[in-house]
Amino acid sequence: MLKPKHARVSEVTMTEMVLPNDTNTLNNLMGGRLLHWMDICAAISAQKHSNRIVVTASVDNVSFTEPIKLGNIVTMKAKVTRAFNSSMEVFIEVWAEDIPAGRRVSTNRAFYTFVAVDQNGRPIEVPELQPETDEDNELYASALRRRQLRLVLAGRMSPQEATELKALFEME
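Throughout this document, residue positions are counted from 1 along each chain, in the order its sequence is written. Note on the predicted model: pLDDT of at least 70 is required for a residue's local features to be given, and 80 or more for side-chain atom pairs to be given and counted; whole-chain, interface and lining totals, by contrast, use all residues. As a rule here, side-chain values cover all heavy atoms of the structure and leave hydrogens and water aside.

Asker: Please provide a residue-by-residue account of the packing of aromatic side chains, values included.
Answerer: Two rings from Phe, Tyr or Trp (for Trp, the six-membered ring) form a pair when their centres are within 6.5 Å of each other. A pair whose planes differ by under 30 degrees is stacked, one over 60 is edge-to-face, and the rest are tilted. Per the counting criterion, the structure on display carries two aromatic pairs. Ring centres of F91 and F111 lie 4.9 Å apart, and the angle between their planes is 35°; on these two criteria the pair is classed as tilted. With F91 in strand β4 (residues 87-98) and F111 in strand β5 (residues 103-117), the pair connects residues that are 20 residues apart, well separated along the chain. Looking at F111, the relative accessible area reads 15%, which means it is buried. On the basis of an interplanar angle of 10° and a centroid distance of 6.1 Å, the ring pair of Y112 and F114 is categorised as stacked. Between the NZ or CZ atom of R146 and the centre of the ring of F111, over which it lies, the distance is 3.9 Å. Throughout this description, the term charge over a ring refers to an Arg CZ or Lys NZ atom that lies within 6 Å of the ring centre and within 35 degrees of the ring normal. Here the basic side chain of R147 rests over the ring of F84, its NZ or CZ set 4.4 Å away from the ring centre. Helical segments are the DSSP runs of H or I of at least four residues, strand segments are the runs of E of at least two, and each set is numbered from the N terminus. For each residue, the accessible area found with a 1.4 Å probe, counting protein chains only, is set against the maximum for its type, and the residue is called buried under 20%, exposed over 50%, and partly exposed in between.

Asker: Can you tell me about helix α2 (residues 134-153), naming the residues and giving the values?
Answerer: Each residue after the first adds 1.5 Å to the expected span of a helix. Taking 1.5 Å of rise per residue, 20 residues should cover 28 Å, and α2 covers 29 Å from first to last C-alpha, within 8% of that figure. Bend is computed residue by residue as the angle between axes fitted to the seven residues ending at the residue and the seven residues starting at it. In the structure, α2 departs most strongly from a straight axis at A143, where the bend amounts to approximately 30°. D136, L139, S142, A143, R146, Q148, R150 and L151 are the residues of α2 that are buried. One or two positions beyond α2, positive phi appears at G155, with a value near 75°.

Structure representation (structure tokens):
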């Protein structure tokens, strides 16, 4: 049995500057480049929690709420929200900052799922996550619903088995 870890152990902050090679013809950060950066940041978080090689299993909905402009500083903050057998859910938030203008805006949020693997690429057990803060507890509690939704949508769980999801829709 592995010793449980706190979410703070997996916290990662990554910062990038949007350069011309990162932009589209409107001088906005390309979505694919942002997803690449987010994947790296979230993977480092999962590695810190598991002390293992990790592979991306899924990415939940990523909405682009604000364009990120050429020259902006992009800050990504990720942490593990819950660990299952070999998988971990990682929450990531993204902000764009125009330093000369003194403007910082939230641009993206997403949940990534990673699976820890051994040297042969086979899934391997990860430590449980022990929430500490109110935010940790909230993310931890809702992670099981998000996991069940992912599994149902992937066809790996029947809707009848998704007890946490069913509880959301049951009326008294």
